[in-house]
Amino acid sequence: MQMSVAVNIVNICKSYGDVEALKDITLNINEGEIFGFIGPDGSGKTSLFRILTSLIIPTSGVATVGGYDVVADYKQIRKTTGYMPGRFSLYLDLTVEENLNFYARIFNTSIEENYDLIKDIYVQIEPFKKRLAGDLSGGMKQKLALSCALIHSPRLIILDEPTTGVDAVSRMEFWELLKKMQLRGITIVVSTPYMDEAALCDHVALMQNGKLLAVDKPDNIVNKYKGNLFAVSTNNMHKLLTDLNNLKNTSQIFRFGETIHITSTITDDQLYSNEVYKHLEDAGYQNIGITRIKPVIEDCFLALMDKNVMS
Amino acid sequence: MENRENIIQVTNLVKKFGNFTANDNLTFNVYKGEIFGFLGANGAGKTTAIKILCGLSSPTSGKAIVAGYDVKKYPNKVKENIGYMSQKFSLYNDMTVKENFRFYGGIYGLSGKEIKEKTDFFLQKLNMENTRDVVLSEIPLGWKQKLAFSVSIIHDPKVVFLDEPTGGVDPITRRQFWEMIYENADKGTTVFVTTHYMDEAEYCDRVSIMSEGKIEALDTPSKLKINYGVKTMNDVFIKIAR
């Protein structure tokens, strides 16, 4: 399938003094897709987004958004791109309705003109339209910010960590809204520190310390996982991690909720699980469970991370 | 299990702001050495409850005893006997690592000698001895959070409150942080923790889930999953909070 490119990033670097926030980033984002940047704080997501929205200038490299150069054509970029910054940046002393009106007028439009576009989101906060933005709950602030980012009918929206600090239910609802936006043909570029949200994107870029660890479809990243992954559980999970550390033929050992994930470096799964079982039985564990599982994005991220340079 | 010492004892706790009931008749206990997950949707009333348990806000009615002291009668005694860290407020960015230890140790009334010993102990443990004189703003977030946790327990509190301690932290550091939690819980420190990462809910001994001011569920993660007939804590949370 031939897709047209919405965002083209070539060899982008950004330094602040001695600090290299972005190190040679090259990637494309297709029109109409949800593209996720996944990475912890300090991985460079915000710097990249500020370059794409023409708010800062790259140290080197070029990038276009909707065919417009992020430096030369900054006025066009701002007309055609919506941006929801990570920090809530609407006016706390204006009401919900006043904020939205303000943003609409800056872009020479009105709420009425583009109401259809924001309807799905705005109906949820409309009952509070006379309330000051500063008095809204976190989830409602987020919906107002998204409405404001959409009010000028952008072709593409860039959302910087919209779900950080947001509970699991509100996160799910927010992603449902993004899917609706996508159905309207809007390209969505979103960043998140939550690895489980990667599966909701069409393509993802895993980032750490200003570098790309991987760029691909979530399924492809998972399929490229090296080694066979197992989930282990026993009667004592506190102590288990330490006792797994000296296992043979094992490359990665990480807690994962109610189990510990370990990666076998040999191909024979039966032989490996027998070895693990015996090791744990000898150490006095009971209720030992060893299951071969499919990796999730977080397994892949852990495997790809530069372990000596943590954020 | 029945004989375990209670470090937190909450009975019919109510907190109202005008007509709004933020905490609606909460009753629960937290044991010594327990890792207690305190979950809930945004706006469910978690922060209000934590403020009361830390002696920063007084309940409208009901009772809470923390580390042996009634929060209403002896809020300052409560503060002396607890530790607190959050993602938003923890250490001072314009002081060095050493100065942060010194400052918090001083607030909790530790002697100069004790502060020095504790500082050495924690920095050695974190393998961060070379950061002693580094200004905090130059330290990566994940390390900062591990330091903040160490500082919050510098005075050996009976219970430490961790409010979203791992938000935005990389997946490896997030796991190292939980190893620190386990280690201290195993030593007898009670850990009261909030998080939006549902895998971390699995790491808790027991989890409570708040919705609209009430505790809707409180049990071990495995029992909660059985009771709600689902496979993950994420699904338990969604069933309760939605």
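Only a predicted model underlies this, so the values are computations on that prediction, with no experimental measurement involved. (Residues numbered from 1 in each chain as written. Chains lettered and ligands numbered in written order. Predicted model: local features only at pLDDT ≥ 70, side-chain atom pairs only at ≥ 80, totals over all residues.)

1. A closer look at the overall build of chain A
Right, so step 1: In terms of regular secondary structure, chain A is built from 10 helices and 14 strands.
Right, so step 2: Oriented by its inertia axes, the alpha-carbon framework of chain A measures out at about 70 × 45 × 40 Å.
Right, so step 3: Scored against the burial criterion, the 311 residues of chain A give a buried share of 41%.
Right, so step 4: Within chain A, contacts between residues at least 6 apart in sequence are counted, and of these 70% link residues at least 24 apart. (Helix = DSSP H or I, 4+ residues; strand = E, 2+ residues; numbered from the N terminus. Buried ≥ 20, exposed ≤ 12 C-beta atoms within 10 Å, placed from the backbone. Contact = placed C-beta atoms within 7 Å.)

2. Some details on the overall build of chain B
Right, so step 1: The secondary structure content of chain B amounts to nine helices and 10 strands.
Right, so step 2: Computed over C-alpha atoms, the radius of gyration of chain B comes to 18 Å, within 12% of the 18 Å expected from 2.2 N^0.38 for 242 residues, which places it in the range of a compact globule.
Right, so step 3: Dimensions of chain B, computed from the C-alpha atoms along their principal axes, are close to 50 × 40 × 40 Å.
Right, so step 4: In chain B, which comprises 242 residues, the share counted as buried stands at 48%.
Right, so step 5: Intrachain contacts of chain B at a sequence separation of at least 6 include 66% that bridge at least 24 residues. (Rg over C-alpha atoms; globule rule 2.2 N^0.38 Å.)

3. Remarks on the interface of chain A and chain B
Right, so step 1: Taken together, the contact between chain A and chain B spans 30 residues of the former and 29 residues of the latter.
Right, so step 2: Elements supplying a minimum of two residues to the side of chain A that touches chain B: α5 (138-150), α6 (168-183), β12 (250-256) and α10 (297-304) of chain A.
Right, so step 3: Sorting elements by how many residues they give to the side of chain A that touches chain B places α6 of chain A first, with four residues.
Right, so step 4: Its residues placed into classes, the side of chain A that touches chain B shows 13 nonpolar, 11 polar and six charged. (Nonpolar A, V, L, I, M, F, W, Y, C, P; charged D, E, K, R; others polar.)

4. Describing the sheet that holds strand β14 (residues 289-292) of chain A
Residue and element names in this part refer to chain A.
Right, so step 1: In space, the four strands of this open sheet follow the order β12-β13-β11-β14, with antiparallel pairing throughout. In the strand order of this sheet, the two ends are held by β12 and β14, each with one partner. Between one strand axis and the next, the sheet turns through 25 degrees on average, direction left out of account.
Right, so step 2: Bridge analysis of strand β11 (residues 228-233) against β14 gives four bridges, and the strand direction is antiparallel. Along β14, the bridge assignment pairs alanine 231 with threonine 291.
Right, so step 3: Packed on one face of the sheet, helix α9 (residues 269-282) meets β11, β13 (259-264) and β14 and runs near 160 degrees to β14. (Pairing = 2+ DSSP bridges. Axes fitted to C-alpha atoms, helices over the stretch in contact; angles between N-to-C directions.)

5. Thoughts on the sheet that holds strand β1 (residues 6-17) of chain B
All names here are of chain B.
Right, so step 1: The sheet built from four strands is open, its strands ordered β2-β1-β4-β5 with antiparallel pairing. A strand with exactly one partner marks an edge of an open sheet, and here the two such strands are β2 (20-31) and β5 (69-70).
Right, so step 2: Relative to strand β4 (residues 61-66), β1 is paired through five bridges, and the arrangement is antiparallel. The residue bridging isoleucine 8 from the neighbouring strand is valine 66, located in β4.

6. Section: the packing of helix α4 (residues 115-125) of chain A against α5 of chain A
All names here are of chain A.
Right, so step 1: Packing of α4 against α5 brings their axes to within 9 Å, and their N-to-C directions diverge by 155 degrees. By the angle between their directions, the pair α4 and α5 is classed as roughly antiparallel. The chirality of how α4 crosses α5 is left-handed. Each of Leu117, Ile118, Ile121, Tyr122, Gln124 and Ile125 in α4 lies in contact with α5, whose residues at this interface are Met140, Lys143, Leu144, Leu146, Ser147 and Leu150.
Right, so step 2: In terms of residue class, the contact of α4 with α5 is made up of nine nonpolar, two polar and one charged. (Parallel < 35°, antiparallel > 145°, perpendicular 65-115°, else oblique. Left-handed = near helix turned anticlockwise from the far one by under 90°.)

7. Section: the domain arrangement of chain A
Right, so step 1: In terms of domains, chain A is made up of domain 1 (5-216) and domain 2 (226-294).
Right, so step 2: Distance from the C-alpha centre of domain 1 of chain A to the C-alpha centre of domain 2 of chain A: 40 Å. (Domains from an automatic or database assignment.)

8. A short note on helix α4 (residues 112-125) of chain B
Residues and elements named next belong to chain B.
Right, so step 1: End to end, α4 covers 20 Å across 14 residues, agreeing with the expected 20 Å (1.5 Å per residue, within 8%).
Right, so step 2: The set of residues buried in α4 consists of Ile115, Lys118, Thr119 and Phe122. Seen from one end, α4 has its buried residues packed into an arc of 105 degrees, which puts them on one side. In α4, those exposed residues whose orientation departs by more than 90 degrees from the buried face are Lys113, Phe121 and Gln124.
Right, so step 3: Where α4 is buried, its residues meet α3 (97-107) and α5 (141-152).
Right, so step 4: Downstream of α4 by a residue or two, asparagine 127 has a phi angle that is positive, lying close to 60 degrees. (Expected span 1.5 Å × (residues − 1). Arc of directions from axis to C-beta.)

9. Thoughts on unusual backbone geometry
Right, so step 1: One non-glycine residue with positive phi stands out, namely serine 54 of chain A, at about 70 degrees.
Right, so step 2: Relative to the elements of secondary structure, serine 54 of chain A occurs in the loop between α1 (45-52) and β4 (60-65).
Right, so step 3: One non-glycine residue, aspartate 156 of chain B, lies in positive phi territory at about 50 degrees.
Right, so step 4: Looking at the element boundaries, aspartate 156 of chain B is found in the loop between α5 and β7 (159-163).

10. A short note on the environment of aspartate 299 of chain A
All names here are of chain A.
Right, so step 1: Note on placement: aspartate 299 falls in helix α10.
Right, so step 2: Given 23 C-beta atoms within a 10 Å radius, aspartate 299 is considered buried.
Right, so step 3: Separated by 259 residues in sequence, aspartate 299 and proline 40 have C-alpha atoms that sit 14 Å apart.
Right, so step 4: What aspartate 299 contacts, discounting residues up to four positions off in sequence, is Tyr225, Leu229 and His261.

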